[in-house]
Amino acid sequence: MKKLSLVLLTALLGACQSTQPIANASLDGEVFYLQRIALPPNATLSVSLQDVSLADAPAVVLDEQKGPVKGQVPLPFHLSYDPAQVKPGHRYSVSARIEVDGNLMFITTENHAVKLDGKDPQPLKIRVDAAR
């Protein structure tokens, strides 16, 4: 009888658990540069959220936004990620690049670290510098 009660109680508690998936979290921001020049109409912007914890391995991309530039700086972006992918003790960073006809024009040269704990200041301001 005890075993049956325990089994029924376990089944009842299991049924009470939420089956909804965890909603994605997001980072919003804008990419800018200091040079006083306009981007050509065929420029593309790529912004990515990466796990940069391992120094001797390629960064793991959690999300990336890539597409044609619409307008001039500051250029808005929106990145989504699954909070379940965020690992304690790991380091995360946002990077950006602007290309024209496949040639690099601007890129991030500084680390733009994010904690992904829901307390990152938004909108993020990501500066890119001219490629040399």
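Here, the structure is the one placed above.
What counts, and where the lines are drawn
- Residues numbered from 1 in each chain as written.
- Predicted model: local features only at pLDDT ≥ 70, side-chain atom pairs only at ≥ 80, totals over all residues.
- Heavy atoms only, no water.
- Pairing = 2+ DSSP bridges.
- Helix = DSSP H or I, 4+ residues; strand = E, 2+ residues; numbered from the N terminus.
- Axes fitted to C-alpha atoms, helices over the stretch in contact; angles between N-to-C directions.
- Buried < 20%, exposed > 50% of the residue type's maximum accessible area, 1.4 Å probe, protein only.
- Polar contact = N/O pair within 3.5 Å; in protein donor to acceptor, adjacent residues only side chain to side chain.
- Core = buried A, V, L, I, M, F, W, Y, C linked by side-chain atoms within 4.5 Å.
- Contact = heavy atoms within 4.5 Å.
- Salt bridge = Lys/Arg side-chain N within 4 Å of Asp/Glu carboxyl O.
- Phe/Tyr/Trp six-rings, centres within 6.5 Å; stacked < 30°, edge-to-face > 60°.

**Some words on the sheet that holds strand β8 (residues 124-127)**
Thinking step 1. With mixed pairing, 3 strands are arranged side by side in an open sheet as β4-β1-β8. A single partner strand is all that each edge strand has here, and the edge strands are β4 (75-81) and β8. Averaged over neighbouring strand pairs, the angle between their axes works out to 35 degrees when direction is ignored.

**Description of the pairing of β8**
Thinking step 1. Covered by surrounding structure in β8 are Leu 124 and Ile 126 only, the residues Lys 125 and Arg 127 on the alternate face being uncovered.
Thinking step 2. Relative to β8, strand β1 (residues 25-32) runs parallel, the two sharing 4 bridges. Bridge pairing in β8 places Glu 30 opposite Lys 125.

**A short note on the environment of Asn 103**
Thinking step 1. Its place among the elements puts Asn 103 in strand β6 (residues 103-107).
Thinking step 2. The class for Asn 103 is exposed, based on a relative accessible area of 52%.
Thinking step 3. Along the backbone, Asn 103 and Ala 131 are 28 residues apart, and their C-alpha atoms lie at a distance of 9.5 Å.

**Let's talk about the side chain of Ser 93**
Thinking step 1. Mapped onto the elements of the fold, Ser 93 is located in strand β5 (residues 92-100).
Thinking step 2. Within polar-contact distance, the side chain of Ser 93 engages the side chain of Asn 111 at 2.8 Å.

**Some words on the environment of Asp 101**
Thinking step 1. The topology assignment puts Asp 101 in the loop between β5 and β6.
Thinking step 2. Residue class for Asp 101 comes out exposed when judged on its relative accessible area of 60%.
Thinking step 3. In this structure the side chain of Asp 101 is engaged in a polar contact, spanning 2.7 Å, whose partner is the side chain of Asn 42.

**Things to note about the nonpolar core**
Thinking step 1. Counting 25 residues, the largest nonpolar core has Val 31, Leu 49, Val 94 and Ile 98 as the members making the most contacts within it.
Thinking step 2. For this core, the secondary structure elements donating two or more residues are β1, β2 (43-51), β4, β5 and β8.
Thinking step 3. Among the elements that make up this core, the one with the highest residue count is β5 (5 residues).
Thinking step 4. Not counting residues up to four positions away in its chain, the partners in contact with Leu 49 are Leu 27, Val 60, Val 61, Leu 62, Asp 63, Leu 79, Tyr 81, Tyr 92, Ser 93, Val 94, Val 114 and Leu 116.

**A short note on the pattern of salt bridges**
Thinking step 1. For the coordinates displayed, the defined rule picks out 4 salt bridges.
Thinking step 2. We note a salt bridge from Asp 129 to Arg 127, for which the minimum N-O separation is 3.1 Å.

**Observations regarding the packing of aromatic side chains**
Thinking step 1. One pass over the full model with this rule turns up 1 aromatic pair.
Thinking step 2. Between Tyr 33 and Phe 106, the aromatic rings sit 4.2 Å apart at their centres with planes inclined by 10 degrees, giving stacked as the arrangement. Of the two residues, Tyr 33 is situated in the loop between β1 and β2 and Phe 106 in strand β6; the sequence distance between them amounts to 73 residues.
Thinking step 3. With relative accessibility at 5%, the residue Tyr 33 sits in the buried group.
Thinking step 4. Overall, Phe 106 belongs to the buried group, its relative accessible area being 1%.

**Digging into the pairing of β2**
Thinking step 1. Where burial is concerned, most of β2 is hidden: 8 out of the 9 residues are buried.
Thinking step 2. As judged from the 9 bridges shared by β2 and β5, these two strands associate in the antiparallel manner. Counted as the bridge partner of Asp 51 is Tyr 92 from β5.
Thinking step 3. Here β2 runs beside strand β3 (residues 60-68); their pairing, made up of 8 bridges, is antiparallel. Looking at β3, one finds that Leu 49 is bridged to Asp 63.

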